[in-house]
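Survey of secondary and tertiary structure
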2 protein chains.
Amino acid sequence: MIDCDVHNDWSTAEVLLPYLDDYFRDFLIRGEKPGPRGTFPRAQRAWLHPEGFRRQDINPVTQDDHYNLMKEHLLDKYDIDVAILTGDETLDISTIANRYYGNALASAYNNWVIDEWLSRDRRLKGSIVIYSPDPENAAAEIRRVGEHPDMVQIIMSSGSIRPYGDPFYHPIWEAASQMNLPIAVHLGGQAGINTQTFSSGPPTFYWEAHALLCQAGMSHVASTIAHGVFEKWPNTYLILTECGVSWFPTVLWRLDNDYRALRKETPWLKRLPSEYARDHIRLTTQPLENPDNKQHLWNVLETFDAKHTLLFSSDYPHWDFDDPTKIPIPADWRENILDANARQVYSRLPARDSKSHS
Amino acid sequence: MIDCDVHNDWSTAEVLLPYLDDYFRDFLIRGEKPGPRGTFPRAQRAWLHPEGFRRQDINPVTQDDHYNLMKEHLLDKYDIDVAILTGDETLDISTIANRYYGNALASAYNNWVIDEWLSRDRRLKGSIVIYSPDPENAAAEIRRVGEHPDMVQIIMSSGSIRPYGDPFYHPIWEAASQMNLPIAVHLGGQAGINTQTFSSGPPTFYWEAHALLCQAGMSHVASTIAHGVFEKWPNTYLILTECGVSWFPTVLWRLDNDYRALRKETPWLKRLPSEYARDHIRLTTQPLENPDNKQHLWNVLETFDAKHTLLFSSDYPHWDFDDPTKIPIPADWRENILDANARQVYSRLPARDSKSHS
């Protein structure tokens with residue numbers, strides 16, 4: 001079983017201090033942060049979670065607890081073969097304005113995750129964090145750590161200053177293609193310089209906002225397809241992590257229909273939007289929409305071959321964690337969604353039978 | 001048959017001159033507009049349609065042609081009982097910054113449509129255009145013309161400065177409730193002061209943008225429900241016009257799920273979001289998503305009782321007009337979607353058997 005969204009948190013962002021030079025160490029120790037000393041210097045979201053993000057039963061005290069609790073409550077409990085670490089506060093790196101600081105924090109995180117997590121347990125794999133508002137330097141960071149065999153994807157927040165197919169971001173796609181790494185766009189980053197996460201302006205409540213966060217995924221799907229990202233870099237994948245699932249066919253139907261009528265705008269495309277999506281876009285399961293009548297969800301999933309499109313994710317240790325034994329998908333889809341699909345997209349994952357624990 | 005989205009265009013916006021006082025007449029004659037003299041003074045969209053908005057076969061020359069062509073190509077051809085006029089350029093009134101001018105243009109349009117359209121043909125019904133960024137004056141305009149028996153709804157653009165459940169807009173809902181009129185939110189207004197129509201910032205191409213315009217509908221659904229609009233004004237309806245359809249169940253599932261987890265944020269709500277939606281939100285059909293496999297669309301429509309939620313619309317005379325004889329819905333839903341549902345929501349429409357033409 002492969003879990004594509006496991007958050008490796010820290011007790012204090014000051015674990016990054018050994019990976020920063022003096023100039024930025026000073027920023028991290030003395031500079032403004034959204035919480036007390038030790039918080040990561042991201043912009044704070046306008047939508048404050050009314051409960052807090054972490055599961056109430058996961059309470060790390062020491063730094064080692066983060067791994068030990070993950071081992072106990074996720075890796076061993078569910079016999080996870082591969083857990084793809086997606087960071088935690090670090091995802092919001094895209095929200096700060098200072099690009100020099102952003103790039104330094106991204107590099108510091110990547111070095112720290114290699115030293116402190118990937119070396120600890122062979123089941124753990126890493127995501128290369130980049131500061132996406134500076135695509136040239138983000139591409140350089142992808143090339144700097146992209147050769148590490150346990151780095152299996154690049155990660156950016158769904159909140160962004162533009163949709164990710166825009167040519168502004170093409171240096172990132174170029175580097176991803178060169179390193180043969182998929183790009184995960186993970187829910188987050190709806191703050192700071194990413195001023196337009198929500199259509200029609202800011203919602204009011206956390207639950208209202210959370211329900212609408214799938215909108216960013218819709219925009220990135222449309223943009224990467226329309227700008228021909230998958231024509232230019234045919235070995236790349238876009239993985240939408242935690243952006244929801246059941247909106248996907250609607251967007252593809254709309255894109256196909258509008259493309260058919262007005263395709264003269266984008267003559268570099270050779271196939272229907274839904275065909276690019278089938279071959280290049282994947283969605284992680286958590287949070288899978290959850291109607292009372294599960295057949296209603298399945299009716300929607302069947303319209304876009306979800307059996308081959310979804311990748312299991314638990315979102316451990318967050319408040320809306322999904323237990324892999326309980327996700328509401330048809331039984332004969334489980335082998336694909338919980339394992340095989342991820343091994344196809346993440347080219348660096350071991351083949352099924354070479355499973356081994358630390 | 002009732003068509004809930006029929007655009008009554010003009011040959012020149014100067015038809016409004018007799019309905020403006022000298023101060024604003026000067027603005028309309030001499031002031032800046034997005035096109036030549038006679039264009040309506042809205043902000044221009046950043047997404048330029050690569051073909052133009054009007055059907056190629058509808059080419060009015062004189063002002064009378066607008067009605068005569070509508071009569072020939074829509075009203076008589078399809079034996080339409082009621083055509084709800086939704087304006088055309090006027091919908092983008094919400095995009096201009098000058099609220100005094102916006103309010104004056106809204107009143108001028110409403111007087112013009114009463115004089116020039118509603119008096120011409122008993123099948124035609126009107127929508128009260130308001131300048132939504134100024135809710136107090138918009139509410140006054142609703143009360144000013146809301147007694148007219150042929151005005152059957154209020155209309156605003158889907159592009160807005162905030163989502164429409166926000167208390168900023170409550171004077172509009174209060175007036176709608178008082179006049180017992182539904183509020184239609186029609187696709188448009190993605191320009192000018194409505195800077196955040198799209199999640200994740202501006203898309204690039206018209207077809208890409210058009211496919212994503214449903215995002216605004218999602219935000220207005222979430223906002224009106226979360227702020228308790230339908231608890232406060234239980235006789236009101238939100239009608240999403242031209243915002244698409246098949247995204248609707250996804251949003252309701254997400255809202256229900258997130259509300260269940262975090263409902264303490266909105267203690268004024270007494271029911272699930274999907275229950276408010278069932279009783280208070282309707283969607284017009286054009287553009288109905290159109291997958292190659294129609295059963296896929298129907299699978300989605302069945303999850304939210306589309307038979308009782310959809311209202312037929314043709315979007316005449318726009319480029320993506322839907323022929324009422326060809327919309328892909330199950331045969332036994334047609335009576336509801338093409339007629340009965342609208343008569344339930346539009347309380348001022350005549351009962352079925354009192355059908356009469358001009």
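Conventions used here
- Residues numbered from 1 in each chain as written.
- Chains lettered and ligands numbered in written order.
- Predicted model: local features only at pLDDT ≥ 70, side-chain atom pairs only at ≥ 80, totals over all residues.
- Heavy atoms only, no water.
- Pairing = 2+ DSSP bridges.
- Helix = DSSP H or I, 4+ residues; strand = E, 2+ residues; numbered from the N terminus.
- Contact = heavy atoms within 4.5 Å.
- Axes fitted to C-alpha atoms, helices over the stretch in contact; angles between N-to-C directions.
- 1 Å grid on protein atoms, 1.4 Å probe; cavity = no way out; pocket = protein on both sides within 12 Å on 5 of 7 lines; lining within 4 Å.
- Points joined across faces, edges and corners; volume = space filled by probe spheres on them.
- Nonpolar A, V, L, I, M, F, W, Y, C, P; charged D, E, K, R; others polar.
- Salt bridge = Lys/Arg side-chain N within 4 Å of Asp/Glu carboxyl O.
- Buried < 20%, exposed > 50% of the residue type's maximum accessible area, 1.4 Å probe, protein only.
- Parallel < 35°, antiparallel > 145°, perpendicular 65-115°, else oblique.

In the annotation of an unreviewed UniProt entry, chain A is listed under the name Amidohydrolase family protein and assigned to Plectonema radiosum NIES-515.

Our focus in this paragraph is the sheet that holds strand β8 (residues 310–311) of chain B. Residues and elements named next belong to chain B. Spatial strand order, β1-β2-β3-β4-β5-β6-β7-β8: 8 strands in an open sheet with parallel pairing. Looking at which strands have only one partner, the edges of the open sheet turn out to be β1 (2–6) and β8. Where strand β6 (residues 238–241) lies against strand β7 (residues 281–284), 3 bridges are found, and the strand directions are parallel. Pairing of L240 across the sheet is with L283, part of β7. In the packing of helix α5 (residues 170–179) onto the sheet, the strands contacted are β4 (151–157), β5 (183–186) and β6, and the crossing angle to β5 comes to about 130 degrees.

Turning to the layout of surface pockets, a few remarks are in order. All names here are of chain B. Looking at the largest pocket, its volume works out to about 720 Å³. Here the residues of the lining of the largest pocket sort into 11 nonpolar, 15 polar and 10 charged. Surrounding the second largest pocket, 28 residues form its lining, R45, F53, D88, E89 and H318 being those nearest its centre.

Turning next to the pattern of salt bridges. Under the counting rule described, the total for this entry stands at 46 salt bridges over all chains. For the salt bridge of B:D134 with B:R99, the shortest nitrogen-to-oxygen distance reads 3.2 Å. Note that B:D134 is positioned in the loop between β3 (124–129) and α4 (135–145) and B:R99 in helix α3 (residues 99–118), a separation of 35 residues in sequence. Judged by relative accessible area, which is 5%, B:D134 ranks as buried. Overlapping salt bridges bring together A:K71, A:D76, A:D121 and A:R123 as one network.

Moving on to the packing of helix α1 (residues 22–30) of chain B against α3(B). All names here are of chain B. Their axes nearest at 11 Å, the elements α1 and α3 cross at an angle of 95 degrees. As judged from the angle between their axes, α1 and α3 are roughly perpendicular. Judged by residue contacts, F24, F27 and L28 of α1 engage Y100, Y101 and A104 from α3. Within the contact of α1 with α3, the residues separate by chemical class into 6 nonpolar, no polar and no charged.

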